[in-house]
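Here is what each chain is made of, one letter per residue.
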Amino acid sequence: MHELSHRRRMLVLAICCMSLLLVSLDNTVLNVALPAMRRELDASVAGMQWTIDAYTLVLASLLILAGSTADRIGRRKVFTAGLVLFTAGSLLCSLAPSLEWLVVFRMIQAVGGSMLNPVAMSLITNTFTDPRERARAIGVWGAVVGVAMAAGPLIGGLLVDTVGWRSIFWINLPVGLLALALTLRYVPESRADHPRAPDPVGQLLIMAMLASVTYGIIEAPAAGWTSGLILGCAAVAVASLIGLLVYEPRRAQPLIDPRFFRSAPFSGATVIAVSAFAALSGFLFLNTLYLQDVRGLDALHAGLYMLPMAALTGLCAPISGRLVGARGPRLPLLVAGVAMAASGLLFAAFEAETSTALLFAGYVLFGLGFGMVNAPITNTAVSGMPRSQAGVASAIASTSRQTGGMLGVAVIGAVLAAGTADGGSFEAATRPAWWIITACGLLVLAVGAATSGAWAHGTALRTARELESEPVPTPAPAGAPPRG
């Protein structure tokens, strides 16, 4: 991509942030609307899990494909198609006549969403070439998640209480259309210097593994953990994983380049992303149901209760981006791990939900931790990688986030369903779930400490040199979009 003016770079960043706002706002708004949707559609806990996990499953399955496809055929083309599909899917969701159709339309949304985040991060990486400027841009990008967390529950609560849950999907329409218009006007087309060839076998193996794991976890409380259906899902997941480990290293251009994971920071970023987003999705899922079903709050007041968490996330994300740019990812990751683990511990060991003061303390700690973790994940995933592979590298990081979100809802929901199946109290059923969230925070802390030191930095440099020494293929024909 040719060097752009400062104004043009800022416009590209704004457009990318709008795409993230679409995807993030959709998830936070939906969480607040879950109880209203469950009542109108007569859905079970598993049904509510599927409204979230059908989306994240498709998103996680297609992110890497979308990133590599954008590197190959043009980032603006794929980004534009994603905006069209996501906006159209949002309109269909607002018209869904049943839970089953809502799940189907959420999957259409997810196909569009898979074309947005990794491609947007690739656009940012190729637009902001200075490492410090890029870290600050990624901090702004991360702050959008905080804005979505703050605005989502409030906007969603207000809409659910006044218009109905279907209106939560309408807010995507003006944002999507505006982002589409600005993309067509201001975002230049670009491709990678040597994009990877399609890998349909690898893509199918990833989809089979994620789908079988998610389906097995969500349906296990009803079907039984030792039932043939659940054991079959486990077998498919294991076979798919083995297939990936055997097949991908043998390909000249694999969908997931195993060499990426020779970089300790990159491998750490994927583990941290899974852990942090599993904790976030489980945290939101539990608190949304608790505040409305146990405390009896309406959707708007439930959103107001969670505002401290969202506010801290929004405030800390740009600070984290600046710290990463100035001092590296270590300090933000350590702070994130300690704060998220402490928040989970308040609920797991001290029953924070029984005291409003402790409840808010838990929200503040979790918001602080999650606000600090996003920028190091993103920056570490793309730092040191050749710019030509930015789409694939950022797509793997995005896939890790969505996989974590999917597993968080699936596992926490399964624990909750099992605990309340025989008439058990909601609070008692959530106690194991809070210990899981605490463990996720401790994993962020441990992996962050292990993969942000001098040794880890050395592995990143060696991996970057190896990737940059890859032979350059035949140049693109005349008239092709600019590469970068």
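Remember, predicted model here, so these are calculated numbers, not experimental data.

### Here we look at the overall build of the protein chain
So, point 1. The number of helices and strands found in the protein chain is 17 helices and zero strands.
So, point 2. The C-alpha radius of gyration of the protein chain comes to 21 Å, within 12% of the 23 Å expected for a compact globule of 484 residues.
So, point 3. The C-alpha extent of the protein chain, read off along each of the three principal axes, is 65 × 45 × 45 Å.
So, point 4. Scored against the burial criterion, the 484 residues of the protein chain give a buried share of 58%.

### A closer look at the nonpolar core
Across soluble globular proteins, nonpolar side chains show a tendency to be buried alongside one another.
So, point 1. Ranked by size, the top nonpolar core spans 73 residues in total, and within it Leu102, Trp165, Phe283, Tyr363, Phe366, Val373 and Ile437 carry the most contacts.
So, point 2. Per-element tally for this core: the top contributor is helix 10 (residues 264–294), with 14 residues.
So, point 3. The contact partners of phenylalanine 366, leaving out residues within four places of it in the chain, are Ala279, Leu280, Phe283, Met309, Met340, Ser343 and Ile437.
So, point 4. Residues Leu13, Val78, Ala110 and Leu116 belong to the second largest nonpolar core, which totals 39 residues.

### Considering the pattern of salt bridges
Side chains carrying opposite charge are able to pair once their charged atoms draw close together.
So, point 1. Applying the stated criterion to the full structure yields seven salt bridges.
So, point 2. For lysine 77, the salt bridge identified is with glutamate 189, shortest N-O distance 3.5 Å. A residue pair is termed long-range when its members are at least 10 positions apart, and lysine 77 in helix 3 (residues 75–94) and glutamate 189 in the loop between helix 7 (172–186) and helix 8 (200–223) qualify at 112 residues.
So, point 3. On the accessibility criterion, lysine 77 (46% relative accessible area) is partly exposed.
So, point 4. On the accessibility criterion, glutamate 189 (13% relative accessible area) is buried.

### Examining the packing of aromatic side chains
So, point 1. Using the criterion set out here, one finds 15 aromatic pairs in the structure.
So, point 2. Ring centres of tryptophan 165 and phenylalanine 169 lie 6.5 Å apart, and the angle between their planes is 85°; on these two criteria the pair is classed as edge-to-face. The exposure classification of tryptophan 165 matches that of phenylalanine 169, with both residues buried.
So, point 3. When the ring centre of tyrosine 55 is taken as origin, the NZ or CZ atom of arginine 106, which lies over that ring, is 4.3 Å away.
So, point 4. Directly above the ring of tyrosine 186 sits arginine 185, whose terminal nitrogen or CZ lies 4.8 Å from the centroid.

### Looking at the packing of helix 1 (residues 6–41) against helix 10
So, point 1. At their nearest, the axes of helix 1 and helix 10 sit 8 Å apart, and the two run at 55° to each other. Put simply, helix 1 runs oblique to helix 10. In the packing of helix 1 onto helix 10, the handedness of the crossing is right-handed. When helix 1 is examined against helix 10, the residues Asn31, Val32, Leu34, Pro35 and Arg38 are found in contact with a partner set consisting of Leu284, Phe285, Thr288, Leu289, Gln292 and Asp293.
So, point 2. Among the residues forming the contact of helix 1 with helix 10, the class breakdown is six nonpolar, three polar and two charged.

### Quick notes on the side chain of arginine 401
So, point 1. The residue arginine 401 is located in helix 15 (residues 390–420) in this model.
So, point 2. Buried and unpaired, arginine 401 has aspartate 71 as its nearest opposite-charge partner, separated by 15 Å.
So, point 3. At 3.0 Å, the side chain of arginine 401 and the side chain of asparagine 374 are in polar contact.
So, point 4. When sequence neighbours within four positions are dropped, the list of residues in contact with arginine 401 reads Ala273, Phe277, Asn374, Ile377 and Thr378.

### Description of a nonpolar patch on the surface
So, point 1. Nonpolar side chains collect at one region of the surface, where Val238, Leu241, Ile242, Leu245 and Val246 lie side by side and expose about 460 Å² of accessible area between them.
So, point 2. The topology assignment puts valine 238 in helix 9 (residues 228–247).

### Overview of helix 3
So, point 1. When the terminal C-alpha atoms of helix 3 are compared, their 29 Å separation across 20 residues agrees well with the 28 Å that a helix rising 1.5 Å per residue should span.
So, point 2. Residues Arg75, Val78, Phe79, Thr80, Gly82, Leu83, Phe86, Thr87, Gly89, Ser90, Cys93 and Ser94 constitute the buried set of helix 3.
So, point 3. Turning to helix 3, the residues buried within the fold contact helix 1, helix 2 (45–73), helix 4 (99–114), helix 5 (117–127) and helix 7.

### Remarks on the packing of helix 8 against helix 9
So, point 1. Packing of helix 8 against helix 9 brings their axes to within 8 Å, and their N-to-C directions diverge by 155°. In this view, helix 8 runs roughly antiparallel relative to helix 9, as classed from their interaxial angle. Considering only the axes of helix 8 and helix 9, their crossing is left-handed.
So, point 2. In terms of residue class, the contact of helix 8 with helix 9 is built from 17 nonpolar, five polar and one charged.

### Let's talk about the environment of methionine 18
So, point 1. Within the secondary structure, methionine 18 is located in helix 1.
So, point 2. Judged by relative accessible area, methionine 18 falls into the buried class, the value being 15%.
So, point 3. For the pair formed by methionine 18 and alanine 357, sequence separation is 339 residues and the distance between their alpha carbons is 34 Å.
So, point 4. Not counting the four nearest positions on each side in its chain, methionine 18 is found in contact with Val175, Leu178, Ala179 and Leu182.

### Comments concerning the side chain of glutamate 189
So, point 1. Of note is the side chain of glutamate 189, whose polar atom sits 2.8 Å from the backbone nitrogen of arginine 76.
So, point 2. Within the structure, the side chain of glutamate 189 is placed 3.3 Å from the backbone nitrogen of lysine 77, a separation counted as a polar contact.

### A few points about helix 7
Note: α-helices contain 3.6 residues per turn, so residues at a spacing of three or four share the same orientation.
So, point 1. Counted at 1.5 Å a residue, the expected span for helix 7 with its 15 residues is 21 Å, and the 21 Å between its end C-alpha atoms agrees.
So, point 2. Turning to helix 7, its buried residues number three or more, namely Asn172, Gly176, Ala179, Leu180, Thr183 and Tyr186. For helix 7, the angular spread of buried residues about the axis comes to 160°, placing them on one side. What points out from helix 7, more than 90 degrees from its buried face, is the exposed set Pro174, Leu177 and Arg185.
So, point 3. Looking at the buried residues of helix 7, the elements they touch are helix 1, helix 3 and helix 4.

Reading guide: rules and limits
Residues numbered from 1 in each chain as written. Predicted model: local features only at pLDDT ≥ 70, side-chain atom pairs only at ≥ 80, totals over all residues. Heavy atoms only, no water. Helix = DSSP H or I, 4+ residues; strand = E, 2+ residues; numbered from the N terminus. Rg over C-alpha atoms; globule rule 2.2 N^0.38 Å. Buried < 20%, exposed > 50% of the residue type's maximum accessible area, 1.4 Å probe, protein only. Core = buried A, V, L, I, M, F, W, Y, C linked by side-chain atoms within 4.5 Å. Contact = heavy atoms within 4.5 Å. Salt bridge = Lys/Arg side-chain N within 4 Å of Asp/Glu carboxyl O. Phe/Tyr/Trp six-rings, centres within 6.5 Å; stacked < 30°, edge-to-face > 60°. Lys NZ or Arg CZ within 6 Å of the ring centre and 35° of its normal. Axes fitted to C-alpha atoms, helices over the stretch in contact; angles between N-to-C directions. Parallel < 35°, antiparallel > 145°, perpendicular 65-115°, else oblique. Left-handed = near helix turned anticlockwise from the far one by under 90°. Nonpolar A, V, L, I, M, F, W, Y, C, P; charged D, E, K, R; others polar. Lys, Arg positive; Asp, Glu negative; His and termini not counted. Polar contact = N/O pair within 3.5 Å; in protein donor to acceptor, adjacent residues only side chain to side chain. Patch = residues over 30% accessible without salt bridge, like charges linked within 9 Å, V, L, I, M, F, W, Y side chains within 5 Å. Areas by Shrake-Rupley, 256 points an atom, 1.4 Å probe, with all protein chains shown as cover. Expected span 1.5 Å × (residues − 1). Arc of directions from axis to C-beta.

Limitation: the analysis is restricted to geometry and does not speak to function.
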